Amino acid sequence: MRNLPIEPLTGKCRNIIAVNVSPVRENYDLNNLIKMSMRTFQLSINSTMSYSKDNCDLLIEPEGLEEFDILDVKHAKKMFDLGYDYTKKMDFKLKKNFF
């Protein structure tokens, strides 16, 4: 499973902007089977992202998202706001490199 696919866009557009919304948390509490399964899933997905991260023109990886579980919908608004604010702070990079 590819969670950050850039291959369909390679050679078809001028710039590729990749957004990783599921960064891996360094310290993770593995106190039950469900959490162990989620961690295994997240690590397997993340292992396929290296190529995309290295070959996109801009990687947006909002800080703070790693604090939330991958399926944590009850904090969706907070997660959205983290991503939105992080990307707004990157505005200078976007303008400099893409416009």
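Definitions and cut-offs
Residues numbered from 1 in each chain as written. Predicted model: local features only at pLDDT ≥ 70, side-chain atom pairs only at ≥ 80, totals over all residues. Heavy atoms only, no water. Helix = DSSP H or I, 4+ residues; strand = E, 2+ residues; numbered from the N terminus. Polar contact = N/O pair within 3.5 Å; in protein donor to acceptor, adjacent residues only side chain to side chain. Contact = heavy atoms within 4.5 Å. Expected span 1.5 Å × (residues − 1). Buried < 20%, exposed > 50% of the residue type's maximum accessible area, 1.4 Å probe, protein only. Arc of directions from axis to C-beta. Salt bridge = Lys/Arg side-chain N within 4 Å of Asp/Glu carboxyl O.

Asker: Hey, could you go over the side chain of Asn20 for me, with residue numbers and the actual values?
Answerer: Secondary-structure assignment places Asn20 in the loop between β1 (17-19) and α1 (33-47). Among the polar contacts made by the side chain of Asn20, one reaches the side chain of Glu61 at a distance of 2.6 Å. When sequence neighbours within four positions are dropped, the list of residues in contact with Asn20 reads Leu4, Asn46, Met49, Lys53, Leu59, Ile60, Glu61 and Pro62.

Asker: I'd like a description of α1, backed by residues and values.
Answerer: Here α1 spans 21 Å end to end across 15 residues, near enough to the 21 Å set by a 1.5 Å rise per residue. What α1 keeps buried is the set Arg39, Gln42 and Ile45. Down the axis of α1, the buried set is contained in an arc of 130°. They therefore lie on one face. Within α1, the exposed residues directed more than 90 degrees away from the buried face are Leu33, Thr40 and Ser47. Its side-chain oxygen 3.0 Å from the backbone nitrogen of Ile34, Asn32 forms the N-cap of α1.

Asker: Outline the pattern of salt bridges, supporting the account with residue identities and numerical values.
Answerer: With the rule as written, the count across this model stands at 2 salt bridges. Its salt-bridge partner being Glu61, residue Lys53 comes within 3.0 Å of it at the nearest N-O pair. Look at Lys53 and you get partly exposed, because its relative accessible area is 27%. As a salt-bridge pair, Asp81 and Lys77 come within 3.0 Å of each other at their nearest N and O atoms. Taken together, the residues Asp81 and Lys77, both in helix α3 (residues 76-89) and 4 residues apart, mark about one turn of the helix. When its relative accessible area of 59% is taken as the criterion, Lys77 is described as exposed.

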